[in-house]
Amino acid sequence: MAPDTSTQIHNIGYRSYEGTRLGRAYARKSLFSQSLRGAYGLGRSAKSKVLPMILFAVMCVPALILVAVAIAVPGSTDLPIKYTTYALTTQVVIGLYLASQAPQSVSRDLRFKTVPLYFSRPIERVDYVVAKYAAMASALFILTATPLLIMYIGSLLAKFDFSDQTKGFGQGLVSVLLLSLLFAGLGLVMAALTPRRGFGVAAVIALLLIPYGAVSTVQAVAYSTGSTGAIEWMGLFSPVSLIDGFQASFLGGSSGFPGQEGPSAAVGFVYLLVILGLIAGSYAALMARYRKAGL
């Protein structure tokens, strides 16, 4: 019987990969870098850069004005505002930035169902969550720490007391670091609940504004009725008030609580525990959310 010559094997040029396999660490680093750049519109369209860059400028311009005023006023020995107070004074700008960028970071992946592609080898669910959380927290830290750096450099140029300014600058960095970790976690959790970016924006804004407005109102009522003991405890129910109370207790800041300089050290320690608990809870919630989303 003659052999069948109709079947042929063609060499179409496929070769096995012989390069270096960079693994999970490189994938996690790349996702972090891409997410951090995306938070400021880098590597994206020109339209995507407009809002984050405007908000970054809005955060920095008042710091430049404060430095100019401090230098121009004869006999001035300190900046008009404390380092720990600056971020809380500009909380609306921070809230708008978080509301616009947290959904951009996670909602699109959910909407277009690209999350399972991330979770294929070598990256895993924990790598995705850590990279996204770290990127959002880093973006917020850059947003909030840069004005403090401007103020610090300006104070040194004005020849204010070096030790006082360095101490205040360090306290301000600790304050905005905690703020960045807390706000990033809460913002990403709210944004990850829905693939709709608009809903994510509204949810983040509501999370920051509604509790703060309610807490401020109740604190004002408590102060007017003489129930001052409840004021410091009410601050536990708002992310903004948590940072306010903590920095007033331990970082030499000025509290926005009515009739008070800030919570006592004991209550301030409770504030710190709640902040750390919310940060850990946000991470756990994101892990649980992406356990389902990765299927």
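Our subject is the structure that appears above.
Structural notes, computed from the coordinates. (Residues numbered from 1 in each chain as written. Predicted model: local features only at pLDDT ≥ 70, side-chain atom pairs only at ≥ 80, totals over all residues. Heavy atoms only, no water.)

1. Description of the overall build of the protein chain
And then number 1: On a plain count of helices and strands, the protein chain comes out with 11 helices and 0 strands.
And then number 2: Mapped from its N terminus to its C terminus, the protein chain presents α and β elements in the order α-α-α-α-α-α-α-α-α-α-α.
And then number 3: Referenced to the eigenvectors of the C-alpha coordinate spread, the extents of the protein chain come out at roughly 105 × 45 × 35 Å.
And then number 4: Per-residue burial over the protein chain gives 42% buried out of 295 residues.
And then number 5: If you take every contact in the protein chain between residues at least 6 apart in sequence, the share linking residues at least 24 apart comes to 76%.
And then number 6: Summing over all exposed atoms, the protein chain offers an accessible surface of approximately 15,600 Å²; the carbon and sulfur share of this is 66%.
And then number 7: For the protein chain, the distance from the average site of its 23 positive side-chain charges to the average site of its 11 negative ones is 13 Å. (Helix = DSSP H or I, 4+ residues; strand = E, 2+ residues; numbered from the N terminus. Buried < 20%, exposed > 50% of the residue type's maximum accessible area, 1.4 Å probe, protein only. Contact = heavy atoms within 4.5 Å. Areas by Shrake-Rupley, 256 points an atom, 1.4 Å probe, with all protein chains shown as cover. Lys, Arg positive; Asp, Glu negative; His and termini not counted. Charge placed at Lys NZ, Arg CZ, Asp CG, Glu CD.)

2. A closer look at unusual backbone geometry
And then number 1: Although it is not a glycine, lysine 159 adopts a positive phi angle of roughly 65°.
And then number 2: Along the chain, lysine 159 falls in the loop between α6 (125–157) and α7 (162–192).

3. Description of the packing of α7 against helix α8 (residues 197–224)
Each packed pair of helices is defined by two parameters, the angle between the axes and the distance between the axes.
And then number 1: Packing of α7 against α8 brings their axes to within 8 Å, and their N-to-C directions diverge by 140°. When the interaxial angle is binned, α7 and α8 end up oblique. Considering only the axes of α7 and α8, their crossing is right-handed. Contact residues: α7 offers Phe183, Leu186, Gly187, Met190 and Ala191, while α8 offers Gly200, Ala203, Val204, Leu207 and Leu208.
And then number 2: Residues belonging to the contact of α7 with α8 are distributed by class as follows: 8 nonpolar, 2 polar and no charged. (Axes fitted to C-alpha atoms, helices over the stretch in contact; angles between N-to-C directions. Parallel < 35°, antiparallel > 145°, perpendicular 65-115°, else oblique. Left-handed = near helix turned anticlockwise from the far one by under 90°. Nonpolar A, V, L, I, M, F, W, Y, C, P; charged D, E, K, R; others polar.)

4. Topic: a nonpolar patch on the surface
And then number 1: Together, Val61, Ile65, Val69 and Val73 give the surface a local cluster of nonpolar side chains, amounting to about 310 Å² of exposed area.
And then number 2: Structurally, isoleucine 65 can be placed in helix α2 (residues 46–72). (Patch = residues over 30% accessible without salt bridge, like charges linked within 9 Å, V, L, I, M, F, W, Y side chains within 5 Å. Salt bridge = Lys/Arg side-chain N within 4 Å of Asp/Glu carboxyl O.)

5. Some thoughts on the environment of leucine 55
And then number 1: Along the chain, the position of leucine 55 falls in helix α2.
And then number 2: With relative accessibility at 8%, the residue leucine 55 sits in the buried group.
And then number 3: Counting along the chain gives 101 residues from leucine 55 to leucine 156, while the straight-line C-alpha distance between them is 26 Å.
And then number 4: Apart from the residues within four sequence positions on either side, leucine 55 is in contact with Val93, Leu96, Tyr97, Ser100 and Leu143.

6. Section: the nonpolar core
And then number 1: Counting 70 residues, the largest nonpolar core has Tyr97, Met136, Leu140, Phe183 and Tyr290 as the members making the most contacts within it.
And then number 2: For this core, the element with the highest residue contribution is α6, accounting for 14 residues.
And then number 3: Apart from residues lying up to four places away in sequence, tyrosine 290 is in contact with Val106, Leu110, Val115, Phe119, Arg125, Tyr128, Val129 and Ala192. (Core = buried A, V, L, I, M, F, W, Y, C linked by side-chain atoms within 4.5 Å.)

7. Here we look at the packing of aromatic side chains
And then number 1: Tallying each qualifying case throughout the model produces 6 aromatic pairs.
And then number 2: Judged by centre distance (6.1 Å) and plane angle (90°), the ring pair of tyrosine 40 and phenylalanine 56 falls under edge-to-face. One end of the pair, tyrosine 40, is in the loop between α1 (23–39) and α2; the other, phenylalanine 56, is in helix α2, and 16 residues separate them in sequence.
And then number 3: Residue classification places tyrosine 40 among the buried residues on the basis of a relative accessible area of 7%.
And then number 4: A ring pair is formed by phenylalanine 246 and phenylalanine 250, whose centres lie 5.5 Å apart and whose planes are at 50°; its orientation type is tilted. With phenylalanine 246 and phenylalanine 250 both in helix α10 (residues 239–250) and 4 residues apart, the pair spans about one turn of that helix.
And then number 5: A relative accessible area of 7% places phenylalanine 246 in the buried class.
And then number 6: A relative accessible area of 37% means that phenylalanine 250 is categorised as partly exposed.
And then number 7: Connected via pairs of aromatic rings, a cluster forms that spans Tyr40, Phe56 and Tyr97. (Phe/Tyr/Trp six-rings, centres within 6.5 Å; stacked < 30°, edge-to-face > 60°.)

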